[in-house]
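Secondary and tertiary structure notes
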Amino acid sequence: MRPDREPIFNAPWQPVALVVAIVGGYALQDIGPWRDVVWRFAFSPSDLAAGRWEGLVTSLFLHGGWPHALMNGAFALAFGAPLARFLGG
C-alpha cells in the first residue's frame, strides 16, 4: 500500500495573497501609465530633510525591478507560510 502523496505547493492563503500583492503591485508599477508617479512615492533623503516623511512608508511598497519583487515574494512565501500556520487561520 502506497502512502498518500504530499502536495507540492501547500501554503496558507495569507502569504499567497501577499505574494500576489507584491508581484501584482510591481506589475502595475512597471507597465502602468503611472511610472513617473512612482518617483513621488520613493524614499529620498532630501525629501526627509525637507520634512516629507511619507516616503518612509510608501517606499516599502515600491520595488527596484522584477528580480527584487520576485525575491521579496519568495521570501514572503518562505517565512510567511510558517508564521501563518503558527498564528492559525
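The rules we used
Residues numbered from 1 in each chain as written. Predicted model: local features only at pLDDT ≥ 70, side-chain atom pairs only at ≥ 80, totals over all residues. Heavy atoms only, no water. pLDDT = per-residue confidence, 0-100. Helix = DSSP H or I, 4+ residues; strand = E, 2+ residues; numbered from the N terminus. Polar contact = N/O pair within 3.5 Å; in protein donor to acceptor, adjacent residues only side chain to side chain. Contact = heavy atoms within 4.5 Å. Expected span 1.5 Å × (residues − 1). Bend = angle between axes of the 7 residues up to and from the residue. Buried < 20%, exposed > 50% of the residue type's maximum accessible area, 1.4 Å probe, protein only. Patch = residues over 30% accessible without salt bridge, like charges linked within 9 Å, V, L, I, M, F, W, Y side chains within 5 Å. Areas by Shrake-Rupley, 256 points an atom, 1.4 Å probe, with all protein chains shown as cover. Salt bridge = Lys/Arg side-chain N within 4 Å of Asp/Glu carboxyl O. Axes fitted to C-alpha atoms, helices over the stretch in contact; angles between N-to-C directions. Parallel < 35°, antiparallel > 145°, perpendicular 65-115°, else oblique. Left-handed = near helix turned anticlockwise from the far one by under 90°. Nonpolar A, V, L, I, M, F, W, Y, C, P; charged D, E, K, R; others polar.

1. Here's the deal with the confidence of the model for the chain
Summarising the model, the chain shows a mean pLDDT of 85, and 98% of its residues fall at 70 or more. Ranking the elements of the chain by mean pLDDT puts helix H2 (residues 38-41) last with 78 and helix H5 (residues 66-87) first with 92.

2. Describing the side chain of Asp30
Structurally, Asp30 is set in helix H1 (residues 13-31). Separated by 3.1 Å, the side chains of Asp30 and Trp66 make a polar contact. Residues within four places of Asp30 in sequence aside, it is in contact with Arg35 and Trp66.

3. Notes on H5
Note on helix geometry: an α-helix contains 3.6 residues per turn, so any two residues three or four positions apart are oriented the same way. End to end, H5 covers 30 Å across 22 residues, agreeing with the expected 32 Å (1.5 Å per residue, within 8%). The principal kink in H5, of about 35°, is found at Gly80, preceding the proline Pro82 by one to four residues. Those residues of H5 not exposed but buried are Ala69, Gly73, Ala76, Gly80, Ala81 and Ala84. The elements touched by buried residues of H5 are H1.

4. Here's the deal with the side chain of Gln29
On the secondary structure map, Gln29 appears in helix H1. Of the residues examined, Gln29 reaches a relative accessible area of 11% and is grouped as buried. The residues touching Gln29, leaving out its near neighbours within four places in the chain, are Trp34, Arg35, Val38, Phe61, Leu62 and His63.

5. As for a nonpolar patch on the surface
On the surface, a cluster of nonpolar side chains totalling about 690 Å² of accessible area is made up of Phe43, Trp53, Leu56, Val57, Leu60 and Phe61. For Trp53, the position within the fold is in the loop between helix H3 (45-49) and helix H4 (55-58). Take Trp53: its relative accessible area is 54%, and that puts it in the exposed class.

6. Digging into the packing of H1 against H5
For the pair H1 and H5, interaxial distance at closest approach is 8 Å and the crossing angle is 165°. One element, H1, and the other, H5, form an angle in the roughly antiparallel class. Of the two elements, H1 crosses H5, and the hand of that crossing is right-handed. Residue-level contacts link Gln14, Pro15, Val16, Leu18, Val19, Ile22, Val23, Tyr26, Ala27 and Asp30 of H1 to Trp66, Ala69, Leu70, Asn72, Gly73, Ala76, Leu77, Gly80, Ala81 and Ala84 of H5. Tallied by class, residues from the contact of H1 with H5 come to 15 nonpolar, 4 polar and 1 charged.

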